[in-house]
Amino acid sequence: MHFDFTDLRLFVAVADAGSITAGANAAALSLAAASARLRQLEDQAGVRLFDRGRRGVALTAAGRALLRHARRLLADAARLRGELGEYASGQRATVRLLANTAALNEWLPERVADFLSAHPTLDLALVESGSVEAADAVREQAADLALVAEHASRADLQAWPCGEDRLALVCATGHRLSRRRGVRMAELFEESFIGLAGDGALQRHLLAHAAEAGGRLHVRAHVPGMELVCRMVAQGAGVAIVSESAALRSTVAERLAVLRLREPWAHRDLWLVARDFQALPRPTRQLADWLRPSPPSPG
């Protein structure tokens, strides 16, 4: 039985997307070419890999087995390219890191900038992801390395503590809440919020905790980046929940009141996770070594 790496990459893309059309786009193939490759893959395997329906495709039991092996083979190929790239003059490698919103905006920029300066032959792709989703991606071998918050399970993963982050409520200094020291989520359902644009990890995190507290947040505007959120809040357009460090470092910090968010999930330790740090592709291991402050703890 012969498996082509293009077929395996396509198969993984379709499995992840739950759609042949979306998987074909991710693999840079036409729909006709992708469909033909998948049929050929099923013919070679001698089993049906997908159940096809009106809303997309779902993996069969055989498909789930192939997905585990396909991820492993593709990861091994990436490691091989990384190792060989170390010996090829002028060849570049790209390191991919999943990170939650707070780390991406506050904790990572200076550290990864220093890493890139020290490793001129390496490129970096930073991908925003919810902490739970990022940890699951590493566990399922869909990613090698991720920076996640405390609430994400680290079972079956190696993990290094890499810092901490606290979420805080910010409002303008003249706001009715500005003289308070702290606030609970359930007290904020009547407020108008300024939120981050897009379906970002932090935004999903806050909406989920609002629902757990029995309400919903009224987000009246979505803007790109925590600095813009802070500037709009300082003008009195609404309140926001942001990284405390982002609020204190903001250019309008003197016009903001920063309130402690009295929720257990507001304080978050950050963890760098991998299935096995020693088995990472060499470029990825270099990034992990650069970011880690201490030896790994068991998952």
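Reading the values: rules and limits
- Residues numbered from 1 in each chain as written.
- Predicted model: local features only at pLDDT ≥ 70, side-chain atom pairs only at ≥ 80, totals over all residues.
- Heavy atoms only, no water.
- Helix = DSSP H or I, 4+ residues; strand = E, 2+ residues; numbered from the N terminus.
- Contact = heavy atoms within 4.5 Å.
- Areas by Shrake-Rupley, 256 points an atom, 1.4 Å probe, with all protein chains shown as cover.
- Lys, Arg positive; Asp, Glu negative; His and termini not counted.
- Charge placed at Lys NZ, Arg CZ, Asp CG, Glu CD.
- Buried < 20%, exposed > 50% of the residue type's maximum accessible area, 1.4 Å probe, protein only.
- Core = buried A, V, L, I, M, F, W, Y, C linked by side-chain atoms within 4.5 Å.

Caption draft 1: Up close: the overall build of the protein chain. A count of helical and extended segments in the protein chain gives eleven helices and twelve strands. Overall size of the protein chain, expressed as C-alpha extent along the three principal axes, is 70 × 50 × 35 Å. Restricting to contacts in the protein chain with at least 6 residues of sequence separation, those with at least 24 account for 73%. Carbon and sulfur atoms form 50% of the exposed surface of the protein chain, whose accessible area is close to 15,100 Å². Separation of charge centres in the protein chain, based on 37 positive and 34 negative side chains, amounts to 3 Å.

Caption draft 2: Here's a closer look at unusual backbone geometry. Positive phi, normally seen in glycine, also occurs at Ala-28, with a value near 60°. By the element assignment, Ala-28 lies in the loop between α2 (20–26) and α3 (31–45). Judged by its relative accessible area of 69%, Ala-28 is exposed. Positive phi, normally seen in glycine, also occurs at Asp-156, with a value near 70°.

Caption draft 3: Fine view of the nonpolar core. Leu-169 and Ile-241 are the most contacted members of the largest nonpolar core, which has 38 residues in total. For this core, the elements supplying multiple residues, two or more each, are β6 (158–172), β8 (192–196), α8 (201–212), β9 (218–223), α9 (226–234), β10 (240–243), α10 (244–249) and β11 (256–261). Excluding anything up to four places from it in sequence, Leu-169 contacts Leu-177, Val-183, Leu-188, Phe-193, Val-239, Ala-240, Ile-241, Ala-257, Val-258 and Leu-259. Core analysis: the second largest hydrophobic core is formed by 23 residues, Val-95, Trp-107, Phe-115 and Leu-280 among them.

Any link to function would need more than the numbers given here.
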